[in-house]
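Each chain is listed here by its residues.
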Amino acid sequence: MSLAMKRPLPEPTQTIQQDPAAVVPLLGASTSARIYKRIRLTARKSTGAPPSILAYVNLLEDTAGNSNDALQVLIKISDAMLFDESEFPEAIRKLVEHFRREPESAVRVKTLSLFGDLAAETGIDCGVLIDEVIGLLKGETSAKVVSQGLYALERIGRACVLPSVACTNKMVFFAKSKLFSPSHNVQRHAILLLGRFVLVSDAEKESLELIGKYTDSADARVRAQAIRSMLTLGERGVNLPASMYARACGSLSDDYECVRKEALQLVYQLGVRHPEHLVKVSKDSDQEVRLIDDAFGRICNAICDLSMHIRTLAAELLGGMTMVSDEFLHQTLDKKLMSNMRRKKSLHERNAEHFTSGEWSSGKKWADDAPKELVNAEAVSLMASGACGALVQGLEDEFLEVRTASVNSMCKLALKNPPFAVTSLDFLVDMFNDEIEEVRLRAIYSLTAISKHIILREDQLETMLSSLEDYSVEVREGLHLMLGACKVSTKACLSLVVQKVLDVLLKYPEDRLSTFGCMQRVGQKHPEICMSLTPQLLQDHPFFDSAERDVEDPSYICVLIMLFNAAQHLPPMLSLFPETIVRHYAYLRDTMPNLVPHLNLGGQPAKLALTTSTGSRQFLETLLNNIQSAYSAPQARQALLKAAQENLDRLAEIDPSFSGTANFTAVFFGTQLLMEQLQVATTGQPTKAPLKDCLAQLIRKCLKLQNLFSSLTLEDQLLVKQMCLRASALNLVLVVKDRSQSALAPCQLLLHIASDASNFLQENSALVADSFTSAILTKLAAVGDPRPGRVFREILPVVQAAAPVVIPKINTNIKMCKAHILEPSESSGSTDNVVKVTAGLIASVPFVAELENLQESQRQNLRLKIKYPDQNVHVIVPRRRDLKKIMTEQGESESHWRLRTTVLLSHGVWTEASPVDIGICLAVRPNTDLELCKPVKVQFAPKPVKRGI
């Protein structure tokens, strides 16, 4: 008998029920009282219905007395998990009956685990399932089964979106009744259930204290879970009192790592929540310190733990304790206990204590009247000696995880405490020599983040600049970013930086763009020092004319970029520039406008920057108003749409901040123009361009609107969905009229887009669809069997009489995903730069590109596209590790990425070198991709194999 029983169907079709149901407003209904209909879509599939869960459950009745067979059936149910939800109540009832008569505990454990799986992966009624599980566990004697049942209850409770108070109270009451079980697993899962579902008001009264008692349990797993449940209650909003601090500190010395790990986090939470609460240094001392300071010292002490995981966690937690006192904070960088970490008593206090003690020197014992303050330092210190130099200890740890966490914490603390930033500078500089690249990068980025608090000295620069020759391009670019963010103290320091950067540029010419950006920021931050170095850097003699230097020399360009950006903030520098520099400025200003600023050179006044945010918006508003005024004139409207596309493309180039809005509007107008042209073809009139080409362009533009733009408002999203619905309807009508290809795929596409638009309108009830969308959805809802021919006849009148699309409102927040290929450069396409390789072998071409406004959801769709001269196209999926976020002075960029990889080229023999196109695109559909930039050309010449004599 087959386990997967299939339901017989008259046709190989599957009915798809939309959940929530797709609804369509009828054309005759008013806006205030719209009538909705459910859309029933039928998608043809080759497979049958999903297996019936009852078929599996019925097999349990045939396994009476055989627990092994029952266990195998339960495993098959757990592996399938795709069932008709209408069968769940009956299936649960039969599973419960089988549970009651099953003698083997392993089968009962698997049954409870299956209940948890059903709740987590299906839409089963969790309230009923909770009652059933609690009822089964009340008479259970096996600790394993009870433990699994408690865990299943926790999974079921988490699967509930909004569990009722009655359900949570039942679970909490049952968990409390199992706290006194002799089994540690039962206790552990009962505490887990309490921490997850006890009411906040009840937890503050009694549950928190009840859970806290189990931190003294004999079993380490119970102690760890008790602390974890207290942390969970704190995350849910329960006030964790400062009185718990002593109990948490006691757990820090536990023998088990799991307990120490949870106790460390509890100490951290208490310190952050009650920073000003005073606690005693020790039990027999009357000295008090702030709770945040004492917690900071104890977490510092955990950096000396034997476990690497504890040391890593301690180093991470230190970064969040920014309210710690300065003396405690600075002590972490010094392994010697500071003298001011001891509390000194005044002479009056010492005399008063000596007098009240009633003890006098008898003279019989040597030095019995010695000063009272000469006692053991560890006995009176406010901070444990093991915590001294804690961050230094973390930076010197043998594991890179601990070192990385220590660097991150040092950066977070330095950002909040400028004096600590100055003190930690030397330690961060030392980490530039770490053997692990990740640690070096983290130290560089941390120093970049705290650059506003520090000024570099010459001895520190020597260590930093020595790392510029690192083999890793990411380390070199990180150092360029750091040098551009920091300030140096003297003229000699700046000269040292410039000389070293130029020397490294000769060794690594591929770093020129990063070097140019570094020199730009260096000039902006040091205008006065740059002015004093101008004659030296330009090699300008006071009496003799010097030879004109090559303006294409990268080293010379670096110097000019730095001086021009310095002159922007210090105009008197312009008088030091010779005439040749003026000509070179005009050339660089035209070729590198993003690196060379506007200057008053050559008698020309400085150009004012365009007021793009205001002027661009006014221009776009005027453009939209003109198109709206020609709403009833088709020919004038189409002429305006064509002109608007060109103007918007130019606006996107002029104003980068407005480029997303301009590009979105331009693509929208292009889509609308194609639709109006194709709408004429539905009436039988000929079109200027081939019909298939116009349809392909229309579909591509719709895909661009859907996939390349982000930060759209709900109104913008509705316009895009309505535009795609129009395009799919036009596509179906024209394909059916053409009769040269199957209309099944266009029909299924129309049904899918209609369902998506209907669901979107249902979820956002405040939005109102246009007349075309309402009519199409109404027609589709009335179609019982949506076959292409019938759908075509229903929507044809609506498509032919469709009114123009509503013009989108101006949204300045729209961003467009696009790319810039840095390597290979445009010069790689010249005949002088040819990649030569033996035919059939592989040539590697370095590829570097920067991507703007790439969303996390688009990363997996990123592709490299290689097109050979014989029209062969290869699409490559880049490795995930090759795509990283671009670092800035403020940290990681949110949506800007850099792709650094290697493209492999190979082909048969060619007679001469020919260009190979390498581009970057997004794969949005099978065999469909959207280019993010213009591809670059690389001259490729596979040569024949040389035969030996």
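All figures in this text were calculated on a predicted structure; none of them were measured in a lab. (Residues numbered from 1 in each chain as written. Predicted model: local features only at pLDDT ≥ 70, side-chain atom pairs only at ≥ 80, totals over all residues. Heavy atoms only, no water.)

## Points about the packing of helix α31 (residues 659-681) against helix α32 (residues 691-707)
The description of two helices packed together rests on the angle between their axes and the distance between the axes. For the record, the criterion: Only the contacting stretch of a helix is used when fitting its axis, a line to C-alpha atoms as for every element, and angles between N-to-C directions run 0 to 180 degrees. Numbering of helices and strands starts at the N terminus; helices are DSSP runs of H or I of at least 4 residues and strands are runs of E of at least 2. Crossings are assigned a handedness: left-handed for a near helix turned anticlockwise from the far helix by less than a right angle, right-handed for a clockwise turn. It only takes one pair of heavy atoms within 4.5 Å for two residues to be counted as in contact. Under the grouping applied here, Gly and all other residues not named as nonpolar or charged are polar, the nonpolar ones being Ala, Val, Leu, Ile, Met, Phe, Trp, Tyr, Cys and Pro and the charged ones Asp, Glu, Lys and Arg.
Their axes nearest at 9 Å, the elements α31 and α32 cross at an angle of 150 degrees. Two packed elements cross with a definite hand, and for α31 against α32 that hand is left-handed. Seen from α31, the contacting residues are Phe664, Val667, Phe668, Gly670, Thr671, Leu674, Met675, Leu678 and Ala681; seen from α32, they are Leu691, Cys694, Leu695, Gln697, Leu698, Lys701, Cys702, Lys704 and Leu705. Grouping the constituent residues of the contact of α31 with α32 by class yields 13 nonpolar, three polar and two charged.

## Quick notes on unusual backbone geometry
The test is simple: Burial here depends on accessible area, computed with a 1.4 Å probe over protein chains only, as a share of the maximum for the residue type. Under 20% is buried, over 50% is exposed, and the range in between is partly exposed.
For the bond from Glu823 to Pro824, the omega torsion is 0 degrees, close enough to zero to count as cis. Positionally, Pro824 belongs in the loop between β11 (818-823) and β12 (834-838). Of note, Gln871 is a non-glycine position whose phi angle comes to about 75 degrees, a positive value. With respect to the element layout, Gln871 can be found in the loop between β14 (862-867) and β15 (873-876). Phi at Asn927 takes a positive value of approximately 65 degrees, unusual for a residue other than glycine. By the element assignment, Asn927 lies in the loop between β18 (914-925) and β19 (928-931). Note on Asn927: relative accessible area 84%, which makes it exposed.

## A look at the packing of aromatic side chains
Filter applied, for reference: Aromatic rings from Phe, Tyr and Trp, taking only the six-membered ring of Trp, are treated as a pair when their centres fall within 6.5 Å; an angle between ring planes under 30 degrees marks them as stacked, one over 60 as edge-to-face, and anything in between as tilted. Only lysine NZ and arginine CZ atoms are considered, and such an atom sits over a ring when it is within 6 Å of the ring centre and within 35 degrees of the ring normal.
Tallied over the entire structure, the rule returns five aromatic pairs. With a centroid separation of 5.3 Å and an interplanar angle of 80 degrees, the aromatic rings of Phe664 and Phe709 are classed as edge-to-face. Taken together, the residues Phe664 in helix α31 and Phe709 in strand β9 (residues 709-710) connect sequence positions 45 residues apart. The class for Phe664 is buried, based on a relative accessible area of 2%. By relative accessible area, Phe709 is classed as buried at 7%. An aromatic cluster of at least three residues, connected via ring pairs, comprises Phe564, Phe577 and Tyr585. We note Lys721 situated over the ring of Phe760; from NZ or CZ to the ring centre the distance is 5.3 Å.

## Brief notes about the sheet that holds strand β13 (residues 843-852)
Worth spelling out the cut-off: For two strands to pair, DSSP has to find at least two bridges joining them.
Taken together, four strands build an open sheet; the order of strands is β11-β13-β17-β16 and the sheet is antiparallel. Of all strands in the sheet, those bounded by a partner on one side alone are β11 and β16 (883-888). Within this sheet the neighbouring strands show an average axis-to-axis angle of 35 degrees, counted without direction. Judged from the nine bridges that link them, β13 and strand β17 (residues 891-905) form a sheet pairing that is antiparallel. When the sheet's bridge partners are listed, Val848 is paired in β17 with Arg900.

## Focus on the pattern of salt bridges
Pairing is possible between side chains of opposite charge, provided their charged atoms come close. The condition is simple: Here a salt bridge means any side-chain nitrogen of Lys or Arg lying within 4 Å of a carboxyl oxygen belonging to Asp or Glu.
In the structure shown here, the tally under the stated rule is 44 salt bridges. A salt bridge links Glu209 to Arg247; the nearest nitrogen and oxygen atoms lie 3.9 Å apart. Within this pair, whereas Glu209 is found in helix α9 (residues 200-213), its partner Arg247 is found in helix α11 (residues 245-251), the two being separated by 38 residues in sequence. Classification of Arg247 by relative accessible area gives partly exposed; the value is 31%.

## Observations concerning the environment of Glu579
For Glu579, the position within the fold is in helix α28 (residues 579-591). In sequence terms Glu579 and Leu601 are 22 residues apart; their C-alpha atoms lie 9.7 Å from each other.

## Observations concerning the confidence of the model for the chain
We apply this condition: Per-residue confidence from the predictor is given as pLDDT, running between 0 and 100.
Mean pLDDT over the chain works out to 84, with 86% of the residues at or above the 70 mark. Strand β2 (residues 23-25) is the least confidently modelled element of the chain, averaging 36 in pLDDT, while helix α14 (residues 308-318) averages 96, the highest of any element. Of the regions scoring below 50 in pLDDT, residues 1-48 engages in 87 contacts with residues more than four places distant in sequence or in other chains. Of the regions scoring below 50 in pLDDT, residues 605-612 engages in nine contacts with residues more than four places distant in sequence or in other chains.

## Description of the nonpolar core
Under the convention used in this document: The term nonpolar core refers to a set of buried residues drawn from Ala, Val, Leu, Ile, Met, Phe, Trp, Tyr and Cys, joined through side-chain atoms within 4.5 Å.
Judged by nonpolar contacts, the single largest core of 178 residues is most densely connected at Leu447, Phe564 and Phe577. With eleven residues, the single largest contributor to this core is helix α27 (residues 554-569). Residues in contact with Leu447, not counting those within four places in the same chain, are Leu425, Leu428, Val429, Phe432, Ile454, Met464, Met482 and Cys486. Counting 100 residues, the second-largest nonpolar core is a separate cluster that includes Leu796, Val798, Ala802 and Leu851.

## Let's talk about the packing of helix α7 (residues 165-177) against helix α8 (residues 184-197)
The test is simple: Every angle not falling under 35 degrees, over 145, or within 65 to 115 is termed oblique; those three ranges are roughly parallel, roughly antiparallel and roughly perpendicular.
In the contact formed by α7 and α8, the axes pass within 9 Å of each other and the chain directions differ by 150 degrees. Put simply, α7 runs roughly antiparallel to α8. Once α7 is placed against α8, the crossing between them reads as left-handed. Between α7 and α8, the contacting residues are Thr168, Met171, Val172, Ala175 and Lys176 on the first element and Ala190, Leu193, Leu194 and Phe197 on the second. Classifying every residue of the contact of α7 with α8 gives seven nonpolar, one polar and one charged.

## Digging into the pairing of β19
Pairing of β18 with β19 involves four bridges; the strand directions are antiparallel. The residue of β19 that forms the bridge with Ala923 is Asp929. Between β18 and β19, which pair antiparallel one after the other, the connecting turn spans two residues, and Asn927 there sits at a positive phi close to 65 degrees.

## Side note on helix α26 (residues 527-538)
Put simply, the rule is: How far a helix is expected to stretch is found by multiplying one less than its residue total by 1.5 Å. In this context, the arc is that of the directions from the helix axis out to the C-beta atoms.
Over its twelve residues, α26 extends 15 Å from the first C-alpha to the last, a length consistent with the 16 Å expected when each residue adds 1.5 Å. The set of residues buried in α26 consists of Pro527, Ile529, Cys530, Leu533, Thr534, Leu537 and Leu538. The buried residues of α26 all sit within an arc of 160 degrees when viewed along its axis, so they share a single face. Turning to α26, the residues buried within the fold contact β8 (487-488), α24 (491-507), α25 (512-525), α27 and α28. Just downstream of α26 lies Gln539, where phi reads positive at about 55 degrees.

## Things to note about the side chain of His480
Quick reminder of the rule: Here a polar contact means two N or O atoms within 3.5 Å. Within protein one must be a hydrogen donor candidate and the other an acceptor candidate, and residues neighboring in sequence count only if both atoms are side-chain atoms.
Looking at the secondary structure, you find His480 in helix α23 (residues 473-485). Looking at His480, the relative accessible area reads 2%, which means it is buried. At a separation of 2.8 Å, a polar atom in the side chain of His480 contacts the side chain of Ser514. The contact partners of His480, leaving out residues within four places of it in the chain, are Leu468, Asp511, Ser514, Thr515, Cys518 and Arg521.

## Describing the environment of Glu206
Within the secondary structure, Glu206 sits in helix α9. On the basis of relative accessibility, which here comes to 47%, the residue Glu206 falls in the partly exposed class. Here the side chain of Glu206 touches Lys176 through a polar contact of 3.4 Å, side chain to side chain.

## Points about helix α19 (residues 400-416)
Counted at 1.5 Å a residue, the expected span for α19 with its 17 residues is 24 Å, and the 25 Å between its end C-alpha atoms agrees. Burial in α19 covers these residues: Val402, Arg403, Thr404, Ala405, Ser406, Val407, Ser409, Met410, Cys411, Leu413 and Ala414. Tucked inside the fold, the buried residues of α19 contact α14, α15 (326-331), α18 (390-395), α20 (418-430) and α21 (437-449).

## A few points about the pairing of β17
Taken together, the five bridges between β16 and β17 define a ladder with antiparallel strand orientation. The residue bridging Leu883 from the neighbouring strand is Leu899, located in β17. Joining the antiparallel neighbours β16 and β17 is a turn of two residues.

## Section: the side chain of Ser914
Its place among the elements puts Ser914 in strand β18. For Ser914, a relative accessible area of 17% gives the class buried. Leave out the neighbours within four places in its chain, and Ser914 touches Pro869, Val938, Gln939 and Phe940.

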